[in-house]
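Here is how the chains run, residue by residue.
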Amino acid sequence: MLLNFNYDLFSIDENIEKKIQTLQNYLILFEQSKNSNTFTELNALMQLLESSFIVFEEHLVIDLFSHCKDLCCHLNAKEQLTRLYFLLAMAYFKQNEYKIASTHFIQSAKIATNSAMYDHTCIAYCYTAHCFLQMTHYEKALNYTKTALWFSHKQQTSDSFVLNHIYYQFCLIYKTLKLPYVNYYMNFLDEFLETEGYEQDKGKIYSLKASIQADEKNYNKEYEYLQLALACYLKTYNLNRQIIILNSILNCPASLKTTSQQNQYIKQLKKIEQAFKSAYSSFSFKKQLLQFDLDQTKYPILTFDLNDVDFQKICEDTLADRPYLFIVTLKDQSKLTSAQMIHKYKMIEEILFQEIDNDAIISTFLEVQLIFLIQKSVTKDNPSLLPKLTKLIENQVGPISYGYAQADQDTVSCRKLYNHAYVNFYYNHTN
Amino acid sequence: MFNDIQSLQNNHLPYLFHDSSIYTVSKIQYEQYIHLIEQYEALFNTLPFSTQDTPYLYDVGRDLYFYLSNKPNQLIEHPSYSLIYLVRSTLLLLVKKSEAFTKTAKNIQQDTELSFIYSTMLMSAIWEFHKAAQKIDNIYFEIQTTLIFKNIDLRTLFSEKYVEIEPYPKKFATLQQKLAKLYSNLVKENPSFFENLIEQANVDFSSYLKIYHFIPKGDA
């Protein structure tokens, strides 16, 4: 049985803007469904979580996992529970948390087996193998792949999509181990390349082929395969993969490649990088997301009780390699409309981007607040960023009230971080 | 076969008591079994969740491993454990009597890894068998509610200390007898059903080995 699960999490024929819009709609649907029955709520929530990967909002899965799991349990919805664990695993997988991801992939596989969703078991096993490969546990990676193949035979799975996942995994492991068995499994993948659709998977295969050719120093062949991979990924709107492939193309020393082609790819890369940046800092969605937290923001106790001196200290702290969230209250809130505020304070963000030249800052407006989420790479490289930011805003609007929080071991999402920052802000503002 | 989806949340293996096998084997052999579970984690994880709720299934799996990995003249059954673990010993006996099992057991020749793989396949077969038995008589629910089999060492029920309170754990013994009888009768009434399940385990075993030991022709 092959379920209608989308394993690549990047469906075709839609652009990013449309995806963001879709995600917002799902968010609204989910909010509205809370007033209806649990079945409708679960469906809306699953749609939201499925879509969250498209615009880098997969933290939503981690955030809403517990609630979604409760709904699945309440409704005895095994299929959704299987999928939920898979999405959770994918969220961790994308954060390079392979150990945690593997645990959830296994959990997803086990629930799938119990629910006779054998195709899903095999695919989840392939992803588990991939996690072990990333952790350099080669024997386990091979074991999971072999078991996936055995299990697909046992359950008489003949679906080419499932088998493609398994053979691809074999190729990847044997290539990593530098064992001469890659071509044997590549023959199966060549057959898969003849099928219609599955652009994401085809892109992966061509990319692997290119990498094999690169190892053998056949750069012209590598170039050809990279071009094919790019053609596939361009159909999927997987911007991240497109950028990776384009960078490989630009760095490929193929004699076939002309200067005009090289220039063309440089232009294409710039264009895609811009689209990636815009998708990554999709303010509109963040705004929607944070509205969810309004009822949770008034914590009875102060989690982070920091004064200005402590604040400075944190900024300079070399251990501060976790995300910050920074909230600023705007004095001219009543005079300006939301659109005007965005226009006015957009400048701050532009300056930040220019100065830092890093995409790891997300800014948004939540009613009268200007919010910055600063990711760890920025804080690590720029320990004085937060005081600089404060100064920058004060130059723009005069004295401000602000709140901030730094993620700790227990902070798993932007939402929790926001709550902490808000508490800090609340006390600074009122006392 | 599960009624409660909550059971799917449990990702841990059922607790296996050390030194509780029907066979008297060394501590090293117990540890070796744990090591093999880790080594063949992928295979072991293909056992569905509901196997964890099947009484004694994991213990029987381990007993079978010890049986397969030791030479017959080295195997000594613990004298009182056959009585304490009546269901387990009955299941073991039924499996050992199977022609399909004897054939494969002979070929394994006490190889530890093969013994482990085959015992895992047999666990799957026993689980299927238990599901069929449960359909005839819903003893499963009674077992689950009357006796907490998980994480409780049944040997304590027969210990001297316990005997002072209750001379003989009658209710427990009756339930065990009932389940053991149910298994035996099912095989007696329909021997081919049980035999087919073991045959299927044999097929799975050989196909697993074929894939596991398969070395493709290299391009070198």
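Source: prediction; values computed, not measured.

A.B. asks: Is there a simple way to explain the overall build of chain A in this structure?
C.D. replies: Secondary structure summary: chain A contains 19 helices and four strands in total. Within the span of chain A, comprising 431 residues, buried residues form 54% of the whole. Considering only contacts within chain A whose residues lie at least 6 apart along the sequence, 67% involve residues at least 24 apart. As displayed, chain A offers around 19,600 Å² of accessible surface, 49% of which is attributable to carbon and sulfur atoms.

A.B. asks: Help me understand the interface of chain B and chain A, please; the structure alone is not making it clear to me.
C.D. replies: Note on interface size: it is often stated as the accessible area lost on association of the parts. Taken residue by residue, the interface counts 33 residues in chain B and 35 residues in chain A. Both sides of the chain B and chain A interface together cover about 3,100 Å² of buried area, and 55% of this is carbon and sulfur. Summed over the shared surface of chain B and chain A, the number is two salt bridges. For Lys140(A), the salt bridge identified is with Glu41(B), shortest N-O distance 2.8 Å. Applying the counting criterion to the chain B and chain A interface returns eleven residue pairs in polar contact (both at pLDDT 80 or more). Those elements giving two or more residues to the side of chain B that touches chain A turn out to be α1 (27-39), α2 (41-44) and α11 (191-212) of chain B. It is α11(B) that contributes the most residues to the side of chain B that touches chain A, five residues altogether.

A.B. asks: What should I look at first to understand the side chain of His104(A) in this one?
C.D. replies: For His104(A), the location among the structural elements is in helix α5 (residues 98-114). Setting aside its immediate chain neighbours within four residues, His104(A) contacts Tyr85(A), Leu88(A), Ala89(A) and Tyr92(A).

A.B. asks: Help me understand the confidence of the model for chain A, please; the structure alone is not making it clear to me.
C.D. replies: Low pLDDT marks regions whose predicted coordinates should not be analysed in detail. Residue and element names in this part refer to chain A. Chain-level pLDDT for chain A is 75 on average; 60% of the residues reach the 70-or-more range. For residues 310-321, every residue scores under 50 in pLDDT, and the model assigns this stretch 25 contacts once sequence neighbours within four places are set aside. Every residue in residues 355-359 is under pLDDT 50, and counting partners more than four places away or in other chains gives twelve contacts.

A.B. asks: Please explain the packing of aromatic side chains as it appears in this structure.
C.D. replies: For any pair of aromatic rings, the description rests on two quantities: the centre-to-centre distance and the angle between the ring planes. Per the counting criterion, the structure on display carries 42 aromatic pairs over all chains. Judged by centre distance (6.2 Å) and plane angle (70 degrees), the rings of Phe93(A) and Phe105(A) are edge-to-face. Separated by twelve residues along the polypeptide, Phe93(A) in helix α4 (residues 78-94) and Phe105(A) in helix α5 bring together distant segments of the chain. The same class applies to Phe93(A) and to Phe105(A), which are both buried. Summarising the aromatic geometry, the rings of Tyr81(B) and Tyr85(B) are spaced 5.6 Å apart at their centres and angled 85 degrees between planes, so their arrangement reads as edge-to-face. With respect to burial, Tyr81(B) and Tyr85(B) carry one shared label: buried. Over the ring of Tyr212(B) we find Lys146(A), and its NZ or CZ is 4.9 Å from the ring centre. Lys204(A) extends its terminal NZ or CZ atom over the ring of Tyr168(A), reaching a point 5.0 Å from the ring centre.

A.B. asks: Explain helix α2 (residues 38-52) of chain A to me, please; I cannot follow it from the model alone.
C.D. replies: Quick reminder: α-helices carry 3.6 residues per turn. Residues three or four places apart thus point the same way. All names here are of chain A. In this model, α2 (15 residues) spans 21 Å end to end at C-alpha, consistent with the 21 Å of a helix rising 1.5 Å per residue. Three or more residues of α2 are buried, namely Glu41, Leu42, Ala44, Leu45, Met46, Leu48, Leu49, Ser51 and Ser52. Where α2 begins, the side chain of asparagine 37 points an oxygen toward the backbone nitrogen of phenylalanine 39, at a separation of 3.2 Å.

A.B. asks: Would you mind showing me how to read the nonpolar core here?
C.D. replies: It is characteristic of soluble globular proteins that their nonpolar side chains tend to be buried jointly. Core analysis: the largest hydrophobic core is formed by 160 residues, its most contacted members being Leu48(A), Leu49(A), Phe105(A), Ile166(A), Phe101(B) and Phe129(B). The element that contributes the greatest number of residues to this core is helix α7 (residues 112-136) of chain B, accounting for 13 residues. Once residues lying within four places of it in the same chain are set aside, the contact partners of Leu48(A) are Leu23(A), Tyr26(A), Leu27(A), Phe30(A), Leu60(A) and Leu64(A).

A.B. asks: What should I look at first to understand the pattern of salt bridges in this one?
C.D. replies: Going through the model one piece at a time under the given rule, you end up with ten salt bridges over all chains. Among the salt bridges present, the one from Lys209(A) reaches Asp190(A), with a minimum N-O distance of 2.7 Å. You can see Lys209(A) sitting in helix α10 (residues 199-215) and its partner Asp190(A) sitting in helix α9 (residues 182-192), a full 19 residues away along the chain. A relative accessible area of 10% means that Lys209(A) is categorised as buried. Exposure remark for Asp190(A): the relative accessible area of 29% places this residue in the partly exposed category. Its salt-bridge partner being Lys131(B), residue Glu128(B) comes within 3.6 Å of it at the nearest N-O pair. A residue pair is termed a helical-turn pair when its members lie 3 or 4 positions apart in one helix, as Glu128(B) and Lys131(B) do in helix α7 at three residues. Exposure remark for Lys131(B): the relative accessible area of 17% places this residue in the buried category. Because the salt bridges share partners, they merge into one network encompassing Asp59(B), Asp63(B) and Arg88(B).

Cut-off values and rules
Residues numbered from 1 in each chain as written. Chains lettered and ligands numbered in written order. Predicted model: local features only at pLDDT ≥ 70, side-chain atom pairs only at ≥ 80, totals over all residues. Heavy atoms only, no water. Helix = DSSP H or I, 4+ residues; strand = E, 2+ residues; numbered from the N terminus. Buried < 20%, exposed > 50% of the residue type's maximum accessible area, 1.4 Å probe, protein only. Contact = heavy atoms within 4.5 Å. Areas by Shrake-Rupley, 256 points an atom, 1.4 Å probe, with all protein chains shown as cover. Buried area = accessible area lost by both parts, 1.4 Å probe. Salt bridge = Lys/Arg side-chain N within 4 Å of Asp/Glu carboxyl O. Polar contact = N/O pair within 3.5 Å; in protein donor to acceptor, adjacent residues only side chain to side chain. pLDDT = per-residue confidence, 0-100. Phe/Tyr/Trp six-rings, centres within 6.5 Å; stacked < 30°, edge-to-face > 60°. Lys NZ or Arg CZ within 6 Å of the ring centre and 35° of its normal. Expected span 1.5 Å × (residues − 1). Core = buried A, V, L, I, M, F, W, Y, C linked by side-chain atoms within 4.5 Å.

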